[in-house]
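# Coordinate inspection notes
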Amino acid sequence: MNSINKEIMADYVIVGAGTAGCVLANRLSANGKNTVVLIEAGGRDRHPLIHIPAGFLRLLNHPSITWGYKTAPEAQASDREILFPRGRGLGGSSSINGLLYVRPFTADIDAWEASGAAGWNFANCLPYYARSETWQDGQDARRGSSGPIQVTRVSSPPEVCTKVMAAGKELGLEMVDDPNATTHGPSIWFYQQTRQGRTRSSAARGYLWPITSSHNLSVLTDLSAQRIRMEGEGSQRTATGVECRRDNGQTVFVKARKEVILSAGVIGTPRLLELSGIGDTNVLDNAGIRTQVPLGGVGNNLQDHYVTRLCFRIQGVETANERSHGAALAKEVAKYLVTGDGILTYSAAVIGAFASTGLADRSDVQFVIAPGSFKEGRIGELEDKPGLSFGVWQMRPESRGYVHITSNDSAQAPTIAPHYLNTPLDRQTVVAGLRIGRELAKQPSLTPFVVGETLPGPDADSDEALLQYARDNGSTVYHGVGTCQMGTDPSSGAVVDANLRVHGVKQLRVIDGSVMPFITSTNTNATVLMIAERAADMLLMQTHYPA
Ligand SMILES: Cc1cc2nc3c(=O)[nH]c(=O)nc-3n(C[C@H](O)[C@H](O)[C@H](O)COP(=O)(O)OP(=O)(O)OC[C@H]3O[C@@H](n4cnc5c(N)ncnc54)[C@H](O)[C@@H]3O)c2cc1C
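This text gives an overview of the structure that appears in the document. None of the values given here were measured: they were computed from a predicted structure. (Residues numbered from 1 in each chain as written. Predicted model: local features only at pLDDT ≥ 70, side-chain atom pairs only at ≥ 80, totals over all residues. Heavy atoms only, no water.)

Moving on, we come to the overall build of the protein chain. Broken down by element type, the protein chain carries 13 helices and 25 strands. Here the C-alpha atoms of the protein chain give a radius of gyration of 23 Å, agreeing with the 24 Å that 2.2 N^0.38 yields for 547 residues. Viewed in the frame of its principal axes, the protein chain has a C-alpha envelope of about 70 × 50 × 45 Å. A buried classification covers 61% of the 547 residues belonging to the protein chain. Restricting to contacts in the protein chain with at least 6 residues of sequence separation, those with at least 24 account for 70%. Carbon and sulfur atoms make up 49% of the accessible area of the protein chain, which totals about 19700 Å². (Helix = DSSP H or I, 4+ residues; strand = E, 2+ residues; numbered from the N terminus. Rg over C-alpha atoms; globule rule 2.2 N^0.38 Å. Buried < 20%, exposed > 50% of the residue type's maximum accessible area, 1.4 Å probe, protein only. Contact = heavy atoms within 4.5 Å. Areas by Shrake-Rupley, 256 points an atom, 1.4 Å probe, with all protein chains shown as cover.)

Right, here's the structure in full:
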């Protein structure tokens, strides 16, 4: 950036007002002493569909509220470019996500510590899950009752849900009341949502709205971070601030007295590091950027959950489809406005299940069960006729992909290559998961109501046909993580240490979903909230784990 139009300064400069950035802005400014600037490329979270839970279905490819990313075509996913939504604007992805609140398995977080992320075990992290939430049923040993994020049970699910729950039990899944407080064997349960009454409880609403008038916090929207400015050489290299640009060309330098914190998410954070010359030398050379800090792991280790949906035609019991058209929909809208209830408070799914294919030592597929069926089997518009859909995804895929810039033009989207289905185990697990879904639909409590399987349909009977269906139709379930993984050894791909400090640069941290060394078995938002809560404590208390 040649000339700077404006310069401002704060103790902490946070890039990205998504799930993690909102937590940090709140916690770091709470003592009234630290000054904090929060920089967000998108706008304020004013769009009404952000706040209506079911609005999620209409926002996945929104031109200004998302980044419009697509994956690179990859052979294992039939060379398709798959929409890879990421939120843009206050709340980030928490403003457009499916609202499903699911904590990880104990072993998921313990594996982080075992891989070199000192201190990141489940027992240490549990208090931070509780701190971030207000759970509808109140506090207990695991759950919180005074956090900014409201966590609520799904209200008034359609009748087909009781049949699915009973079918799950018949299949041998344990019916669980609170999946976030129990162990994680094969089980079926109603999802909990980040929702308060009729509205989404995003990170922005929970953490940012109450403090927007704080004297020591500045929230700068429609301002895009372009480059981290650094000074000093070798081991003394230090981040001093962030160069930013507005759409009108105005440039702003935000100087950090204490630290620069990157919370720009699984795509935005490695992208900004690479644009700043921090990353793999080959990648940077190819993009025409001079390497300032060689750090081979930046952008690698991309992990995600790849979902494939089975759809069924249903009769004789109420589903969401009938409630989503014509006069019934008008009634639902009125109900929502008057009581804050009904199908407009649903989001991605209503029932969830953990199941075991036998290919791993514990549950290895999650079902996202919607009491309705979508056109072409893809999440979005509901079909006119009654239906049911079971999305299934492998919880701990082996495949690892990457996100890298290909140009020094900060306006150009990076290449996103998730490498879905790249290992035999991942392919076998998806096929086995689809077969479990079929078994679920054949249980006595459901068979009277299932007219037939519409997708992929009974003709897709062989493993090959099911795999081909998954390749042709699967998509992200939006849980991309891992592109700046925590660990001790940069030569083995670690980007940040256990204190979330970028290896080789002082006063620069990454605090968002990109630091996860391994993806959680479950949905990721609860864990990103936890990471940011814990990191804020580390910063405020100056806790440091040995490098
Ligand atoms: C469509 C969708 C559905 C999902 N559904 C669920 C769900 O139901 N349950 C669940 O647990 N998880 C879900 N997730 C995942 C979950 O929401 C994410 O894991 C979590 O929000 C990630 O938080 P983050 O802080 O890492 O990044 P984000 O929340 O994505 O925040 C990154 C922020 O940084 C900003 N930014 C990026 N680059 C720059 C830049 N250069 N300058 C300034 N700002 C920048 C972005 O605009 C964004 O606001 C979903 C995600 C999506 C996208």
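Next comes the rest of the description.
As a further point, take unusual backbone geometry. Cis peptide bonds are those with omega within 30 degrees of zero, and the linkage from L455 to P456 qualifies with 0 degrees. Residue S78 is not a glycine yet carries a positive backbone phi of 55 degrees. Here S78 is to be found in the loop between α3 (56-59) and β3 (100-101). For S78, a relative accessible area of 25% corresponds to the partly exposed category.

In the vicinity of the ligand lie 40 residues, with T19, E40, S93, L100 and N525 positioned nearest. Within the backbone of L100, one N or O atom sits 2.8 Å away from a nitrogen atom of the ligand. Taking G513, its main chain carries an N or O atom lying 2.9 Å from an oxygen atom of the ligand. Elements represented by at least two residues in the shell around the ligand include exactly α1 (19-29), β11 (224-231), α8 (265-275) and α13 (525-541). When the residues that make up the shell around the ligand are grouped by side-chain class, the tally is 17 nonpolar, 19 polar and four charged. (Near = heavy atom within 4 Å. Polar contact = N/O pair within 3.5 Å; in protein donor to acceptor, adjacent residues only side chain to side chain. Nonpolar A, V, L, I, M, F, W, Y, C, P; charged D, E, K, R; others polar.)

On to α13, then. Spanning 17 residues, α13 covers 24 Å between terminal C-alpha atoms, matching the ideal 24 Å at 1.5 Å per step. Backbone geometry just downstream of α13 places Q542 in the positive-phi region, at approximately 55 degrees. (Expected span 1.5 Å × (residues − 1).)

With that settled, the discussion passes to the packing of helix α5 (residues 122-132) against α13. Helix-helix packing is described using two parameters, namely the angle between the two axes and the distance between the axes. Interaxial distance between α5 and α13 falls to 8 Å at its minimum, and their mutual angle equals 105 degrees. Considered as vectors, α5 and α13 are oriented roughly perpendicular to each other. Counting all contacts with α5, which are made through N124, C125, Y128, Y129, R131 and S132, the residues of α13 involved are A526, T527, L529, M530, E533, R534 and D537. Tallied by class, the residues present in the contact of α5 with α13 amount to six nonpolar, three polar and four charged. (Axes fitted to C-alpha atoms, helices over the stretch in contact; angles between N-to-C directions. Parallel < 35°, antiparallel > 145°, perpendicular 65-115°, else oblique.)

W120, L273 and L508 are the most contacted members of the largest nonpolar core, which has 82 residues in total. With near-sequence residues (within four places) excluded, L508 lies in contact with I228, A239, E259, V260, L262, L273, I278, L500, R501 and V502. Residues F84, C161, M165 and V392 belong to the second largest nonpolar core, which totals 48 residues. (Core = buried A, V, L, I, M, F, W, Y, C linked by side-chain atoms within 4.5 Å.)

The next subject is the state of the cysteines. Simply put, the disulfide is a covalent bond whose two ends are the sulfur atoms of two cysteines. Per the counting criterion, the structure on display carries zero disulfides. Here C161 stays free of any disulfide, with the sulfur of C311 as its closest cysteine sulfur at 15 Å. Exposure remark for C161: the relative accessible area of 3% places this residue in the buried category. (Disulfide = S-S within 2.5 Å.)

All right, on to a nonpolar patch on the surface then. Together, V333, L337 and V338 make up an exposed nonpolar region whose accessible area comes to about 290 Å². The topology assignment puts L337 in helix α10 (residues 326-339). (Patch = residues over 30% accessible without salt bridge, like charges linked within 9 Å, V, L, I, M, F, W, Y side chains within 5 Å. Salt bridge = Lys/Arg side-chain N within 4 Å of Asp/Glu carboxyl O.)

Throughout the structure, instances matching the rule amount to 21 salt bridges. One salt bridge in this structure joins E318 and R323, with 2.9 Å as the shortest N-O distance. The class for E318 is partly exposed, based on a relative accessible area of 30%. Under the relative-accessibility criterion, R323 is labelled buried at 9%. Sharing partners across several salt bridges, the network here consists of R103, E133, R143 and D178.

Summarising the element assignment, S202 is placed in the loop between β9 (199-200) and α7 (203-208). S202 gets classed as buried once you look at its relative accessible area, which sits at 1%. When sequence neighbours within four positions are dropped, the list of residues in contact with S202 reads D45, S94, S95 and I149.

Let's shift gears to the pairing of strand β8 (residues 192-196). For β8, a buried count of four out of five residues is recorded, marking the element as mostly surrounded by other parts of the structure. Here two bridges tie β3 to β8, and the two strands are oriented antiparallel to one another. Among the inter-strand pairings, L100 is bridged to a residue of β8, identified as Q193. Two elements, strand β5 (residues 149-153) and β8, share three bridges in a ladder whose sense is antiparallel. Residue T152 lies in a different strand from β8, and its bridge partner there is Q193. (Pairing = 2+ DSSP bridges.)

Any functional reading would require information that these geometric values do not contain.
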